Amino acid sequence: MTDGMPEMTSLERTALYKSLGNPLRRRILDYLGRHGEANSTVLARELGESSGTTSYHLRKLAEQRLIEEIPEKSGGRERWWRSLPFSHTTPDPAAMSPEEYAAAAQLAHLKIEFDTALYRRAHQEYRGPEGWAQVQRHGTWMTRDELLAFMRDYHALLHRYGHPRETAPDEARPVLMRFYAVPEPVGEWNGEPTGP
């Protein structure tokens, strides 16, 4: 199991990374995340695409269980869609096939570009420790076990304080959070390489 989801095969992960790296599919997922639901016509109008194109990409996202049809709103040729809860942790690159690694690397580069812009925005919109935009940088010493325990606690905090869109309080806003932990590159630590 991965993050409560069934274990994916390398081929399934490769398809997932390629799908998440597709610019239009990312825009569709972003729209559904912000607005809750849409059909191909709404997405075509909002994203400047044809409804045939958005319909195709919606079906592909549904095949990967990233979105689902809303049966009570769908009828005839009109199908409405909503995003599904999703969490995935990328496996160790050493365990990936070359195709999976290439797809994961391409997706990572896209995420880095987005996250770099997000980091700049957080600094620009920072209005002090009580504002919506928060920027924190810390350093400490940890064992690997302590770092992994910290990560588990971090995920627990996200679940404790975060809300699904459908049950969020009226004053809640979507908040984008990123977390990185990287040991200092000291060359070698207790016989284990840690960086260049």
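In this text, all values refer to a predicted model and were calculated from it rather than measured experimentally.

Novice: If you had to explain the overall build of the protein to someone new, which residues and values would you point to?
Specialist: Looking only at helices and strands, the protein features six helices and five strands. Helices and strands in the protein line up, N terminus first, as α-α-β-α-α-β-β-α-α-β-β. With respect to the principal axes defined by its C-alpha atoms, the protein has extents near 65 × 45 × 30 Å. The buried share of the protein, reckoned over its 196 residues, is 22%. Sequence separation of 24 or more characterises 53% of the internal contacts of the protein that already satisfy a separation of 6 or more. When the accessible surface of the protein is totalled, it reaches about 14700 Å², and 55% of it is carbon and sulfur. A distance of 6 Å separates the average location of the 25 positive side-chain charges in the protein from that of its 28 negative side-chain charges.

Novice: Tell me about the packing of helix 2 (residues 23-35) against helix 4 (residues 51-63), and please be specific about residues and values.
Specialist: In the contact formed by helix 2 and helix 4, the axes pass within 10 Å of each other and the chain directions differ by 80 degrees. In terms of orientation, helix 2 lies roughly perpendicular with respect to helix 4. Residue-level contacts link Leu24, Arg25, Ile28, Leu29 and Leu32 of helix 2 to Thr53, Thr54, Tyr56, His57, Leu58, Lys60 and Leu61 of helix 4. Class assignment for the residues of the contact of helix 2 with helix 4 results in seven nonpolar, three polar and two charged.

Cut-offs and rules
- Residues numbered from 1 in each chain as written.
- Predicted model: local features only at pLDDT ≥ 70, side-chain atom pairs only at ≥ 80, totals over all residues.
- Heavy atoms only, no water.
- Helix = DSSP H or I, 4+ residues; strand = E, 2+ residues; numbered from the N terminus.
- Buried < 20%, exposed > 50% of the residue type's maximum accessible area, 1.4 Å probe, protein only.
- Contact = heavy atoms within 4.5 Å.
- Areas by Shrake-Rupley, 256 points an atom, 1.4 Å probe, with all protein chains shown as cover.
- Lys, Arg positive; Asp, Glu negative; His and termini not counted.
- Charge placed at Lys NZ, Arg CZ, Asp CG, Glu CD.
- Axes fitted to C-alpha atoms, helices over the stretch in contact; angles between N-to-C directions.
- Parallel < 35°, antiparallel > 145°, perpendicular 65-115°, else oblique.
- Nonpolar A, V, L, I, M, F, W, Y, C, P; charged D, E, K, R; others polar.

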